[in-house]
Amino acid sequence: MAKRKRSKKQELEMPKQDLVGILGAIPDPRVERGKFHKLEDILTIAACSMICRGDHFTDMEEFGLARREWLEGFLELPHGIPSHDTFRRVFLVLDPAVFLEAFSCWTQGVREVLGGGIVAIDGKALRRAVDSGEKAQVIVGAWAEQAGISLGQVKVDEKSNEITALPKLLDMLDLEGCIVTIDAMGCQKQVAAKIREQGGDYVLALKGNQGNLHAQVEAYFEESLACGNMDGQCFEESARGHGREEVRRCWVSDDLDQWLEGREQWRDLRSVAMVQSERSVKGVTTRERRFYISSLAPEADTIGRAARSHWGIENSMHWVLDVTFREDESRVRRGHAPENLALLRRWSHALIKSHDPNSKKSVRLRRVRATLDPDYLVELLGTELHA
């Protein structure tokens, strides 16, 4: 049985990209008579404000007024600082698809550095961006595990669900050489096929939504372990911290022909896996088992790492958005504004993380530094002040 302790992430160097230049290429959705301020100025001030803990439209105006002289070092600002109403109107009408295309242009450089890697996909609700009695808007996002940043997002239509949004998101991503992980909601035949079409491999979690398949895989591993047939096909790793000790084991198999019914319906399905987690806290041990299907060869360490890394999108992205960027507190809910602000938060997070991906400082502390140190904020933007 292979065994190791959890390894540190590989150190990365991210490319420097000029945010102002990318924002300046976005088509302006406003009519000519309404263009009092340049779109790139509005969006750049909004991004700077978001990085510096100014999460709302009024914050953006106040940030601009307080830092006007500094902003004039790289923005034209022909009519001064836009009002909070101007910020609101622009984010209401800005096409989210166009804004996302600009974000994808920025992340392309990151993807080139990463090459392959693990891409986790999961949904997140904008809990307060909703009127009373309505359903919360949901954003399905992709997260690059190696860099710890968002790669893209799609809003779930009001009368639909996350399953319909997944193919749209996958179409936007360059998945060549990547391992894509999705929880049970994405364990769908068309999703597996789309990932393979995009050049990636998949590790999909199994639960009750694929009842027969889940039951077959669970029964196979229980019987195989009971008979001692899984020796040599297990990978184990352990971690300790915060008063908790965890041991994770991953068993894999590609011996599917004799027992897995309907396997041919899943594009390039090559292996199944079971991950068992044992957590010990204050002398109490709990055990959890999860099951997966994959297009990967039966390599327990690779599939086990992919399954574990999937939860990084919750711990390293969604938690930061809620606690540090206060996404769950946002009441903006009109037009395209909720979706555009959600992307701006993820872009701001990515700018911070990609500047020094090996830093041990929290995103919160780096936002504080950006607020206090204009030179550091310029570095995050990847721009240069005018001479």
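This structure is a prediction, so every number in the text was calculated from the model and none was measured. (Residues numbered from 1 in each chain as written. Predicted model: local features only at pLDDT ≥ 70, side-chain atom pairs only at ≥ 80, totals over all residues. Heavy atoms only, no water.)

Draft legend 1. Representation of the overall build of the protein chain in the model. Counting its secondary structure elements, the protein chain contains 14 helices and 10 strands. Over its C-alpha atoms the protein chain spans a radius of gyration of 23 Å, differing by no more than 12% from the 21 Å that the globule rule assigns to 387 residues. Counting only C-alpha atoms, the protein chain reaches 75 × 40 × 40 Å along its principal axes. Taking all 387 residues of the protein chain together, 52% fall into the buried category. Relative to all contacts within the protein chain whose residues are 6 or more apart in sequence, the contacts with residues 24 or more apart total 66%. As presented, the protein chain carries roughly 18300 Å² of accessible surface, and 46% of it is formed by carbon and sulfur atoms. Charge centroids of the protein chain, computed over 55 positive and 60 negative side chains, lie 5 Å from each other. (Helix = DSSP H or I, 4+ residues; strand = E, 2+ residues; numbered from the N terminus. Rg over C-alpha atoms; globule rule 2.2 N^0.38 Å. Buried < 20%, exposed > 50% of the residue type's maximum accessible area, 1.4 Å probe, protein only. Contact = heavy atoms within 4.5 Å. Areas by Shrake-Rupley, 256 points an atom, 1.4 Å probe, with all protein chains shown as cover. Lys, Arg positive; Asp, Glu negative; His and termini not counted. Charge placed at Lys NZ, Arg CZ, Asp CG, Glu CD.)

Draft legend 2. Seen up close, the pairing of strand β5 (residues 178–182). With 5 of 5 residues buried, β5 is to be regarded as a mostly interior element. Side-chain alternation along β5 places Cys178, Val180 and Ile182 on one buried face and Ile179 and Thr181 on a second face that is also buried. As paired elements, strand β2 (residues 117–126) and β5 share 5 bridges and run parallel to each other. Note that in β5 the partner of Ala120 across the bridge is Thr181. (Pairing = 2+ DSSP bridges.)

Draft legend 3. Seen up close, the nonpolar core. If you look at the biggest cluster of nonpolar residues, it comprises 58 residues, and the most contacted ones within it are Trp70, Leu71, Phe91, Phe99, Leu344, Trp347 and Leu377. By residue number, the principal contributor to this core is helix α2 (residues 39–51), which donates 9 residues. Setting aside its immediate chain neighbours within four residues, Trp347 contacts Leu19, Ile22, Leu23, Phe99, Ala102, Phe103 and Trp106. (Core = buried A, V, L, I, M, F, W, Y, C linked by side-chain atoms within 4.5 Å.)

Draft legend 4. Local environment of the packing of aromatic side chains. The final tally for this structure, using the stated rule, is 9 aromatic pairs. With a centroid separation of 5.3 Å and an interplanar angle of 75 degrees, the aromatic rings of Tyr220 and Phe221 are classed as edge-to-face. Classification of Tyr220 as buried rests on a relative accessible area of 15%. Among the residues examined, Phe221 registers a relative accessible area of 0% and is labelled buried. For the ring pair Phe221 and Phe291, a centre distance of 6.4 Å and an interplane angle of 35 degrees mean the geometry is tilted. Highlighted residues: Phe221 in helix α9 (residues 211–226) and Phe291 in strand β10 (residues 284–294), separated in sequence by 70 residues. Given the relative accessible area of 5%, Phe291 is considered buried. Within the aromatic cluster, the residues linked to one another by ring pairs are Phe57, Phe91, Phe99, Phe103, Trp106 and Trp347. It is Arg67 that lies over the ring of Trp70; its NZ or CZ is 5.6 Å from the centre. (Phe/Tyr/Trp six-rings, centres within 6.5 Å; stacked < 30°, edge-to-face > 60°. Lys NZ or Arg CZ within 6 Å of the ring centre and 35° of its normal.)

Draft legend 5. Geometry of the pattern of salt bridges. Summed over all chains, the structure comprises 31 salt bridges. Here Arg240 and Glu245 are joined by a salt bridge, their closest N and O atoms 3.3 Å apart. Asp373 is the salt-bridge partner of Arg369, the closest N and O atoms lying 3.8 Å from each other. A relative accessible area of 39% places Arg369 in the partly exposed class. (Salt bridge = Lys/Arg side-chain N within 4 Å of Asp/Glu carboxyl O.)

Draft legend 6. Region of the structure containing unusual backbone geometry. Unlike most non-glycine residues, Leu77 shows phi in positive territory, near 50 degrees. Inspection of the secondary structure puts Leu77 in the loop between α4 (68–71) and α5 (84–93). One non-glycine residue, Asp268, lies in the positive phi region at around 55 degrees. Counting through the fold element by element, Asp268 comes out in the loop between β8 (244–253) and β9 (271–281). Classification of Asp268 by relative accessible area gives partly exposed; the value is 36%.

Draft legend 7. Main features of the environment of Phe63. Tracing the backbone through its elements, the reader meets Phe63 in helix α3 (residues 57–66). When residues no more than four places from it in sequence are discounted, the contact partners of Phe63 are Ile45, Cys48, Ser49, Cys52, Trp70, Leu71 and Leu377.

Draft legend 8. Fine view of the pairing of strand β7 (residues 234–241). As defined by bridge partners, β7 adjoins β8 across 8 bridges and the pair is classed as antiparallel. What sits directly across from Phe235, in β8, is Cys250. Turn length for the β7-β8 hairpin, with the two strands adjacent in sequence and antiparallel, is 2 residues, and the turn residue His242 shows positive phi of about 55 degrees.

Draft legend 9. Region of the structure containing helix α11 (residues 312–323). Between its terminal C-alpha atoms α11 stretches 15 Å, which fits the 16 Å expected from 12 residues at 1.5 Å a residue. Check the buried side of α11 and you find it contacts β2, β3 (137–144), β4 (149–155), α10 (300–309), α12 (337–355) and α13 (363–372). (Expected span 1.5 Å × (residues − 1).)

Draft legend 10. Region of the structure containing α12. End to end, α12 covers 27 Å across 19 residues, agreeing with the expected 27 Å (1.5 Å per residue, within 8%). For α12, the tally of buried residues reaches 17 of 19 residues, placing the bulk of the element in the interior.

Draft legend 11. Structural view of the environment of Asp183. By the secondary structure assignment, Asp183 is in the loop between β5 and α8 (189–197). Once the C-alpha coordinates of Asp183 and Ala307 are considered, the two residues, 124 residues apart in sequence, prove to be 9.3 Å apart. Other than its neighbours up to four places away in sequence, Asp183 contacts Ile121, Asp122, Ala205 and His310.

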